Amino acid sequence: MAGGARDDLAEKMAGEVALSDDPGATLRKWRTDFGVAQTELADELDVSPSVVSDYESGRRDNPGIGVVRRLVVALLDIDENRGGDHIRQHARVLSAGFDSDVVHDLREYSANVGVERVYDAIDAEELFRGSQDTVAGHTVINSIAAITRLSSDEFYQLYGQSTNRALVFTNVTRGESPLVALRVVSPTPNAVILHGLDEDAVWEHAQDLARIDDFSLAITDVDLEDLLGGLRTLP
């Protein structure tokens, strides 16, 4: 694994924990983001799982920089031993100039995945089916941050390697803003998923735009952590 990408990510992770008002919750966020169980992290650190649990829950004093460094290094080592997928994903986001408050996750799959499988992973309900029924990756975006801070060219970079993907917008109230923003981006992704709302709250023209631009449209209101965890189960 390239030292630069790993070192940049390690610095970002350690900085977030050190500056957090709740370091334990931030540690837990990174551990779950990497798909690492408490027991696995504890084994890597050669401590009991209760030690990891105590830090994440705040039962132990706020970890010092030495403890934070050990935890970060352990997570990165585990990921490298698995093939380094998460390090590469975060490197793509960072190299594109996006912050984690804009892009929650960006990932390519090992093979095409049916949109129904994506929906099942995050408990999503489809509102319209486009002509393409598979995706080869996903990008999870904070809709407000993306719309207010990104140009159309930067918006397109969110697609990753191709438009054959699911674009998930979080922090959505009706869906109007992200769907209108997509109209200036060509081509559109195969699937768009609006997160944080139910069907009654969806903008009345949402399905019309999905039909015009030919993408599948779905909604889900699971917790963000559950949404990211569900997407990580995809190949």
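Along each chain, residue indices are assigned from 1 in the same order as the chain's sequence is written. With pLDDT at 70 or above as the cut-off, local features in this predicted model cover only qualifying residues; side-chain atom pairs require 80 or more to be listed or tallied, and sums for whole chains, interfaces and linings still use all residues. Working from all heavy atoms in the structure, the side-chain values ignore hydrogens and water.

By the naming in an unreviewed UniProt entry, the chain goes by Transcriptional regulator and is assigned to Haloarcula sebkhae.

**Student:** Help me understand the overall build of the chain, please; the structure alone is not making it clear to me.
**Tutor:** Helix and strand assignments come from DSSP, with helices taken as H or I runs of at least 4 residues and strands as E runs of at least 2, each series counted from the N terminus. Scanning the chain for helices and strands turns up 12 helices and six strands. Classification of residues uses two cut-offs on accessible area relative to the type maximum, computed with a 1.4 Å probe and protein chains only: under 20% is buried, over 50% is exposed, and between them is partly exposed. Burial statistics for the chain: of 235 residues in total, 47% are counted as buried. Only heavy atoms matter for contacts: two residues are in contact if any of them lie within 4.5 Å across the pair. Once local pairs closer than 6 in sequence are excluded, the contacts in the chain between residues at least 24 apart make up 74%. Surface accessibility follows the Shrake-Rupley procedure with a 1.4 Å probe radius. Residue values consider only the protein chains on display as shielding. Here the chain has roughly 11000 Å² of accessible surface; of this, 45% comes from carbon and sulfur atoms.

**Student:** Just to check I follow, could you spell out a negative patch on the surface for this structure?
**Tutor:** Negative charge collects at one region of the surface, where Asp120, Asp123, Glu125, Asp198, Glu199, Asp200, Asp221, Asp223, Glu225 and Asp226 lie side by side. Along the chain, Asp123 turns up in the loop between α7 (115–122) and β2 (125–128). A patch consists of residues whose relative accessible area exceeds 30% and which take part in no salt bridge; residues with like charges are grouped when within 9 Å of each other, and nonpolar side chains (Val, Leu, Ile, Met, Phe, Trp, Tyr) when within 5 Å. Salt bridges are counted wherever a side-chain nitrogen of Lys or Arg sits within 4 Å of a carboxyl oxygen of Asp or Glu. Charge assignment: positive for Lys and Arg, negative for Asp and Glu; neither His nor the chain ends contribute. Positions of charges follow a simple convention, taking NZ of Lys, CZ of Arg, CG of Asp or CD of Glu.

**Student:** Help me understand the nonpolar core, please; the structure alone is not making it clear to me.
**Tutor:** Across soluble globular proteins, you tend to see nonpolar side chains buried next to one another. Of all hydrophobic cores here, the largest spans 25 residues; its most connected members are Phe169, Leu179, Leu182, Val192, Leu194, Phe215 and Leu217. Of all the secondary structure elements, the ones that give two or more residues to this core are β1 (103–114), β2, α8 (143–149), β4 (166–170), α10 (176–182), β5 (191–195), α11 (206–213) and β6 (216–220). Considering each element in turn, this core owes the most residues, three residues, to α11. Think of a nonpolar core as a cluster: buried Ala, Val, Leu, Ile, Met, Phe, Trp, Tyr and Cys residues, connected wherever their side-chain atoms sit within 4.5 Å. Counting residues in hydrophobic clusters, the runner-up holds 22 residues, among them Met13, Phe34, Val36 and Leu71.

**Student:** What is the right way to read the pattern of salt bridges from this model?
**Tutor:** Opposite charge on two side chains lets them pair, provided their charged atoms get close. All told, the structure shown has 14 salt bridges when counted by the stated rule. For Lys29, the salt bridge is made with Glu16, and the minimal N-O distance between the two is 2.7 Å. Of this pair, Lys29 sits in helix α2 (residues 23–33) while Glu16 sits in helix α1 (residues 3–19), placing them 13 residues apart in sequence. Taking the relative accessible area as the measure of exposure, Lys29 reaches 37% and is therefore partly exposed. In this structure Glu16 comes out as partly exposed when scored by relative accessible area, which is 22%.

**Student:** Mind showing me how you'd approach unusual backbone geometry here?
**Tutor:** Glycine aside, residues mostly have negative phi, and peptide bonds are mostly found in the trans state. Here Asp123, not a glycine, exhibits a phi torsion of approximately 55°, which is positive. Looking at Asp123, the relative accessible area reads 57%, which means it is exposed. Positive phi, normally seen in glycine, also occurs at Asn171, with a value near 60°. Its location among the elements puts Asn171 in the loop between β4 and α10. Residue classification places Asn171 among the partly exposed residues on the basis of a relative accessible area of 47%.

**Student:** Help me understand α7 in this model?
**Tutor:** Of all the positions in α7, only Val115, Val118, Tyr119 and Ile122 are classed as buried. In a view along the axis of α7, the buried residues occupy a sector of 100°, so they form one face of it. Contact partners of the buried residues in α7: β1, β2, β3 (134–142), β5, β6 and α12 (224–231). Immediately beyond the C-terminal end of α7, within one or two residues, lies Asp123, with a positive phi of roughly 55°. Here, the arc refers to the directions that run from the helix axis to the C-beta atoms.

**Student:** Whenever I open this one, the sheet that holds β4 confuses me. Can you help?
**Tutor:** The strands that make up a sheet are held in pairs by hydrogen bonds between backbone atoms, and each pair lies either parallel or antiparallel. Whether two strands pair depends on DSSP finding at least two bridges between them. Strands sit in the order β1-β3-β4-β5-β6-β2 across an open sheet of six strands; the sheet is mixed. Unpaired on one side and paired on the other, β1 and β2 mark the two borders of the sheet. When strand polarity is set aside, the average angle formed by the axes of neighbouring strands in this sheet is 20°. With five bridges connecting them, β3 and β4 associate as parallel partners. Following the sheet pairing, Val140 is matched in β4 by Val168. Between N-to-C directions, angles cover 0 to 180 degrees, with each direction set by a line fitted to C-alpha atoms, over the stretch in contact for helices.

**Student:** Sorry, what's going on with the side chain of Ser216 here?
**Tutor:** With respect to the element layout, Ser216 can be found in strand β6. According to the relative accessible area criterion, Ser216 is buried, its value standing at 0%. The contacts of Ser216, once residues within four sequence positions are left out, are Tyr119, Glu126, Phe128, Arg129, Gly130, Gln132, Asn190, Ala191 and Val192.

**Student:** Honestly, helix α3 (residues 38–45) in this entry has me stumped. Any pointers?
**Tutor:** An α-helical turn contains 3.6 residues, so a residue and the one three or four places further along point in the same direction. Among the residues making up α3, those that are buried are Leu41, Ala42 and Leu45. Along α3, the residues classed as buried sweep out an arc of 100° about the axis, all on the same side. Where α3 is buried, its residues meet α2, α4 (49–57) and α5 (65–81). Once α3 ends, the next one or two residues include Asp46, with phi positive near 60°.

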